[in-house]
Amino acid sequence: MSINSINPNDPIYKASASGTSAQNSAADSITQTSALTSEDSLQSAQLSDGGSFDLNSMENMNAMEQHRQIMKQLQEELNSIRQQKQSLISQMAFVEDADERQSISSELKDLNKQADSVYMDIVKELQNYNNTLTELISGTVKQKVEESSVIQGIQSSSISPSALQTTLDGYNAQAGQKIAQSAHTVDGTTGWCLKGVNDSLQRVYGKRLSYNSAYQAIPELQSGQGMGEHFREVSVSRDELSSLPAGAIVVWEASPGHEHGHISIALGDGRESSDHITSQMTSRDANFHVFIPVS
């Protein structure tokens, strides 16, 4: 029996043609519509405190460009998988041998799995995109608030990084500067804080904190072994977190909604570095640990 056309009732065809069509459609919507909608509405948005958020500023444009490029690459990857699937489905129309048809069906199923994986990467990248957008807006609001004379008065009376440094017995300023300098090189992603910190420490010490979650690094840093031989835990209040000297590591324990905790490196100027650079975290509802470099 020769096959001159694809039978839509063929179970092999149905198995290969289904599976990710809905996801592919959703992926198109995400990469071409959803991501742009939030951006278009914020080109120059008015903030509740009377300030404004200009997405067209050079700094903000650069922050978003990386996400656009990743989304573009994922969409191209998804299109390539679709083309491969279509080619195999076309081949099946002229195949009589049952084993060969089964082989093509197996390839199609593998491609469906690949498409599912790429689709999930697109969803994850959209979340990263939205997180970055939120951080940019939050940063604008924070900057606006810090310009007020009341906040400036509070800051002028707070402890400085250099003053706090003198109270931290054993702090190695030279090591701290090396770590902070390394921590200025970041991927610009969100959600990969431990990887970002590990990349910075790898460049200085040639080793990493090998864990799945940020909070799991606490025992090693406390132990004096592995990475812990270069750090010592110190007692610091929340009010002093923004005044930490360069190279100090802050690790937040796991908490509801933040099951992996958080880890970052203080840059010595009120900012922290993980996989991206932002203002030092101080207000999370969780316990934290501070480790200063001693070697």
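Look up a bit, the structure's there.
Computed from a prediction, not measured in an experiment: that's the story for all the values here.

Peer 1: What is the right way to look at the overall build of the protein chain in this model?
Peer 2: Looking only at helices and strands, the protein chain has nine helices and eight strands in total. Counting the 295 residues in the protein chain, one finds 38% classified as buried. Of the contacts made within the protein chain by residues no fewer than 6 positions apart, 68% connect residues no fewer than 24 positions apart. Surface exposure of the protein chain reaches about 15,800 Å², of which carbon and sulfur atoms provide 49%.

Peer 1: Any chance you could explain the sheet that holds strand S5 (residues 262–266) here in plain terms?
Peer 2: Sheet architecture is open: six strands sit in the order S3-S8-S4-S5-S6-S7, paired in antiparallel fashion. The sheet is open, and its two edges are formed by strand S3 (231–234) and strand S7 (277–279), each paired on a single side. The average undirected angle you get between the axes of adjacent strands in this sheet is 35°. Here helix H8 (residues 193–205) sits on the sheet and contacts S3, strand S4 (249–252), S5, strand S6 (271–273) and strand S8 (288–293); the angle it forms with S5, its principal contact strand, is near 40°.

Peer 1: Whenever I open this one, the packing of aromatic side chains confuses me. Can you help?
Peer 2: One pair of aromatic rings is described through two measures. These are the centre distance and the angle between the planes. Under the counting rule described, the total for this entry stands at two aromatic pairs. Seen from their ring centres, tyrosine 205 and phenylalanine 231 are 6.0 Å apart, and the 70° between their planes marks the pair as edge-to-face. Here the residue tyrosine 205 occupies a position in helix H8, and phenylalanine 231 occupies one in strand S3, the gap between them amounting to 26 residues. Overall, the relative accessible area of 18% leaves tyrosine 205 in the buried class. Ring geometry for tryptophan 252 and phenylalanine 288: centres 5.1 Å apart, planes at 45°, overall tilted. With tryptophan 252 in strand S4 and phenylalanine 288 in strand S8, the pair connects residues that are 36 residues apart, well separated along the chain. Taken as a pair, tryptophan 252 and phenylalanine 288 share a single burial class, namely buried.

Peer 1: What is the right way to look at the environment of serine 295 in this model?
Peer 2: With respect to the secondary-structure elements, serine 295 resides in the segment after S8. A C-alpha to C-alpha distance of 4.9 Å links serine 295 and histidine 230, two positions 65 residues apart in sequence. Each residue touching serine 295, except ones within four places of it in the same chain, is listed here: Asn172, Ala175, Tyr205, Glu229 and His230. Side chain to side chain, serine 295 and histidine 230 meet in a polar contact 3.0 Å long.

Peer 1: Please explain the side chain of serine 182 as it appears in this structure.
Peer 2: Inspection of the secondary structure puts serine 182 in helix H7 (residues 173–183). By relative accessible area, which is 8% here, serine 182 ends up buried. At a separation of 2.8 Å, a polar atom in the side chain of serine 182 contacts the main-chain carbonyl oxygen of serine 200. Apart from residues lying up to four places away in sequence, serine 182 is in contact with Asp199, Ser200, Arg203 and Val204.

Peer 1: Please explain the pairing of S4 as it appears in this structure.
Peer 2: On a regular strand, one side chain projects to one face of the sheet and the next to the other, so that they alternate. Of the two faces of S4, both are covered, the one formed by Ile249 and Val251 as well as the one formed by Val250 and Trp252. In this structure, S4 lies alongside S5, joined through four bridges in antiparallel fashion. Within S5, the residue paired with valine 250 across the bridge is serine 264. Two elements, S4 and S8, share four bridges in a ladder whose sense is antiparallel. Paired with isoleucine 249 across the strands is phenylalanine 291, a residue of S8.

Peer 1: Whenever I open this one, the pattern of salt bridges confuses me. Can you help?
Peer 2: Oppositely charged side chains may form a pair once their charged atoms are brought near each other. Evaluation of the coordinates by the stated rule reveals five salt bridges. Across the salt bridge formed by aspartate 187 and lysine 195, the nearest N and O atoms sit 3.1 Å from each other. Overall, aspartate 187 belongs to the partly exposed group, its relative accessible area being 37%. Members of the salt-bridge network, linked through shared partners, are Asp187, Lys195, Asp199 and Arg208.

Peer 1: Where do I start with H8 in this structure?
Peer 2: Structurally, the α-helix is built with 3.6 residues per turn, so residues lying three or four positions apart point the same way. For H8, with 13 residues, the first-to-last C-alpha span of 18 Å sits near the 18 Å given by 1.5 Å per residue. Taken together, the buried positions of H8 are Cys193, Leu194, Gly196, Val197, Asn198, Asp199, Ser200, Leu201 and Tyr205. Those residues of H8 hidden inside the fold are in contact with H7, S3, S4, S5, S6 and S8. Downstream of H8 by a residue or two, glycine 206 has a phi angle that is positive, lying close to 75°.

Scoring rules and cut-offs
Residues numbered from 1 in each chain as written. Predicted model: local features only at pLDDT ≥ 70, side-chain atom pairs only at ≥ 80, totals over all residues. Heavy atoms only, no water. Helix = DSSP H or I, 4+ residues; strand = E, 2+ residues; numbered from the N terminus. Buried < 20%, exposed > 50% of the residue type's maximum accessible area, 1.4 Å probe, protein only. Contact = heavy atoms within 4.5 Å. Areas by Shrake-Rupley, 256 points an atom, 1.4 Å probe, with all protein chains shown as cover. Pairing = 2+ DSSP bridges. Axes fitted to C-alpha atoms, helices over the stretch in contact; angles between N-to-C directions. Phe/Tyr/Trp six-rings, centres within 6.5 Å; stacked < 30°, edge-to-face > 60°. Polar contact = N/O pair within 3.5 Å; in protein donor to acceptor, adjacent residues only side chain to side chain. Salt bridge = Lys/Arg side-chain N within 4 Å of Asp/Glu carboxyl O. Expected span 1.5 Å × (residues − 1).

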